[in-house]
Amino acid sequence: MARSAGAEQPNEESVLSGLDSAATTSFYWYLALLACVGGFLFGYDTAVIGSVLVFLPYHLGSFATGYLVAGASLGAAVGALGAGPLTDRYGRKSLLMADAAVYALGAILSAVTINAGMLLSARTLIGVAVGADSAIATAYIAEFAPAGRRGQLSIIQQWMITVGILVSYLLALLIFKVAPSASYGADWRIILGLGAVPALLALVLRARMPESPRWLMLQGRFADTRKALGKLGIEVSEDQVRQSAEQLAATETKERKQHKSQWTPGVKRALMVVCVFFIFQQITGINIPFYYGPQLLTGLFQGTTPGALAAAIAGLQAAAILGAVNVVATYFGFRWIDKFGRRPLALWGYAGMAVFMVIAALGVATLTGTPKIAVVMVGFSFFITSFAIGVGGTGWLIQGEVFPTNVRGRAAAIAASVDWLANFVIIEVFPTLQTKIGLAWVMVLFAGLAVVAIAFVARFLPETKGLSVEEVVTVFEGQAAGDKAA
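The structure presented is a predicted model; accordingly, all values stated were derived computationally and were not measured.

With that out of the way, let us pick up the overall build of the protein. A tally of regular secondary structure across the protein gives 21 helices and zero strands. The C-alpha atoms of the protein give a radius of gyration of 23 Å, which matches the 23 Å a tight globule of 486 residues would have. Along the first, second and third principal axes, the C-alpha atoms of the protein reach 75 × 50 × 40 Å. Scored against the burial criterion, the 486 residues of the protein give a buried share of 58%. Considering only contacts within the protein whose residues lie at least 6 apart along the sequence, 82% involve residues at least 24 apart. Where the 34 positive side-chain charges of the protein centre and where its 27 negative ones centre are 5 Å apart.

The next point concerns helix 8 (residues 186-193). Those residues of helix 8 that fall on the buried side of the exposure criterion are Asp 187, Trp 188, Ile 191, Leu 192 and Gly 193. Here the buried face of helix 8 lies against helix 3 (37-52), helix 5 (92-111), helix 6 (116-142), helix 7 (150-178) and helix 9 (196-206).

Along its 20 residues, helix 5 runs 29 Å from first to last C-alpha, staying within 8% of the 28 Å computed at 1.5 Å per residue. Those residues of helix 5 that sit buried are Arg 92, Lys 93, Leu 95, Leu 96, Asp 99, Ala 100, Tyr 103, Ala 104, Gly 106, Ala 107, Ser 110 and Ala 111.

The subject of this paragraph is the packing of aromatic side chains. Tallied over the full model, the rule gives 18 aromatic pairs. Arranged with centres 5.7 Å apart and planes meeting at 75 degrees, the rings of Tyr 331 and Phe 332 form a pair that is edge-to-face. Chaining the aromatic ring pairs together yields one cluster made of Trp 29, Tyr 331, Phe 332, Phe 334, Trp 336 and Phe 340.

Positive charge collects at one region of the surface, where Arg 208, Arg 226, Lys 227 and Lys 231 lie side by side. Mapped onto the elements of the fold, Arg 226 is located in helix 11 (residues 222-231). Arg 226 gets classed as partly exposed once you look at its relative accessible area, which sits at 32%.

Now for the side chain of Arg 123. Secondary-structure assignment places Arg 123 in helix 6. What makes Arg 123 buried here is its relative accessible area of 1%. Other than its neighbours up to four places away in sequence, Arg 123 contacts Asp 45, Ile 49, Leu 68, Val 69, Ala 72 and Ser 110.

Ranked by internal contacts, the top residues of the largest apolar core, which has 151 residues, are Tyr 103, Phe 277 and Tyr 350. Excluding residues within four positions of it along the chain, Phe 277 makes contact with Ala 346, Tyr 350, Val 391, Thr 394, Gly 395, Ile 398, Phe 456, Val 457 and Leu 461.

Time to look at the confidence of the model for the protein. Of all residues in the protein, 91% have pLDDT values of 70 or greater, and the mean over the chain is 87. Model confidence for the protein, summarised as mean pLDDT per element, is weakest for helix 15 (residues 293-301) at 68 and strongest for helix 20 (residues 439-460) at 97. The low-confidence segment residues 1-13, where pLDDT is below 50, has 29 contacts with residues more than four positions distant or belonging to other chains.

Inspection of the secondary structure puts Val 418 in helix 19 (residues 405-437). Note: C-alpha distance between Val 418 and Gly 66 (352 residues apart in sequence) is 19 Å.

The rules behind each value
Residues numbered from 1 in each chain as written. Predicted model: local features only at pLDDT ≥ 70, side-chain atom pairs only at ≥ 80, totals over all residues. Heavy atoms only, no water. Helix = DSSP H or I, 4+ residues; strand = E, 2+ residues; numbered from the N terminus. Rg over C-alpha atoms; globule rule 2.2 N^0.38 Å. Buried < 20%, exposed > 50% of the residue type's maximum accessible area, 1.4 Å probe, protein only. Contact = heavy atoms within 4.5 Å. Lys, Arg positive; Asp, Glu negative; His and termini not counted. Charge placed at Lys NZ, Arg CZ, Asp CG, Glu CD. Expected span 1.5 Å × (residues − 1). Phe/Tyr/Trp six-rings, centres within 6.5 Å; stacked < 30°, edge-to-face > 60°. Patch = residues over 30% accessible without salt bridge, like charges linked within 9 Å, V, L, I, M, F, W, Y side chains within 5 Å. Areas by Shrake-Rupley, 256 points an atom, 1.4 Å probe, with all protein chains shown as cover. Salt bridge = Lys/Arg side-chain N within 4 Å of Asp/Glu carboxyl O. Core = buried A, V, L, I, M, F, W, Y, C linked by side-chain atoms within 4.5 Å. pLDDT = per-residue confidence, 0-100.

So this is what it looks like as structure tokens:
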């Protein structure tokens, strides 16, 4: 079984086994980070609009304001759906490059916008790029990652999101403090435009990435597959790749004949599980502190700090603390996902979210002044910690690992699109919910939905720790067969 260059060569039947059991070199981590730059851009974009919202010079109605905050999510749903068939046809690498280019264009247009319509359009364009990237990144990682490290490599997507959120807050704080007099002028344009820098860097570096070996094998590009595997430290011959591909094709052909479709009962079940998991991931409220956090926290600080700008900066500082908590907590999810498994972390994650959102709600409803700020910050911090360890990375991981290669791009894209649509809906309706029932009751509602999520995970999410992506597919086929027999 091959583990790295120079190790024992895999036989004809074990090219993919060699990939699944390979030693995780620094190049694997580099590729995962590069694939997940879109996660960084997603996080940056998520938080950056909340940081500059009060400084925009445009008069926006409530719907336009909601769309400005959540519209990128709607664009992301479209981008994710469009990316699915494209990535299955043209490959993972080419789409990842195109996504970076589109995001850079959207960020530049946001910085030089001349009116509200142009800004809204640029935000939608950014969303298309982020959505497409979210549909591809974890699928790409799952197709080269060793089985024992696939969880850690895939959860980098969530970690990069948290880093992007934190960086956006820190940059906004820095720019507003350095040039407070330009907060309504150049400052917000610079903050929005800086997102183009990592996107352009990603475009250049992604051009040198190897294509997914599993995708290349499926396309019959055996010489390219051998080269891609060589970059990953697995030396095989073209004949070995061809024979492994023929065996894989024979297995998939048998499966399709049995079910008369690539979309087998197991694939459909896996898609249902991932989509519902993504819906719960969003409707339990995780993005409220990040999209609306600076605005909500600024409201807490009003009356304790002099002036609107000082209150806004205090709110940004508090949001940055939450962003730092998110980054640190995601590290523990990264360390534990392959040790304890997807299912236990998700169950405990949703449980913690329910408990600490109720604590934050009690602080909002019953306290005032500094005690209110302290309790809300503690509640939000541990709510975010619970999400980061057990829920955020788990969703992106299962999105990439539970589908067969021949439909992985399309299935992952559908799941990502559902995630973005759920995100759009909850962000768009939050201001209305807050007005109708009050912030505290909205938070209680989120906690109740987290409890429902626990029941869903306990019933439908199997443990896939340590399995190859082909074995994961078999698990869902077995569950689907069991349901049909019942």
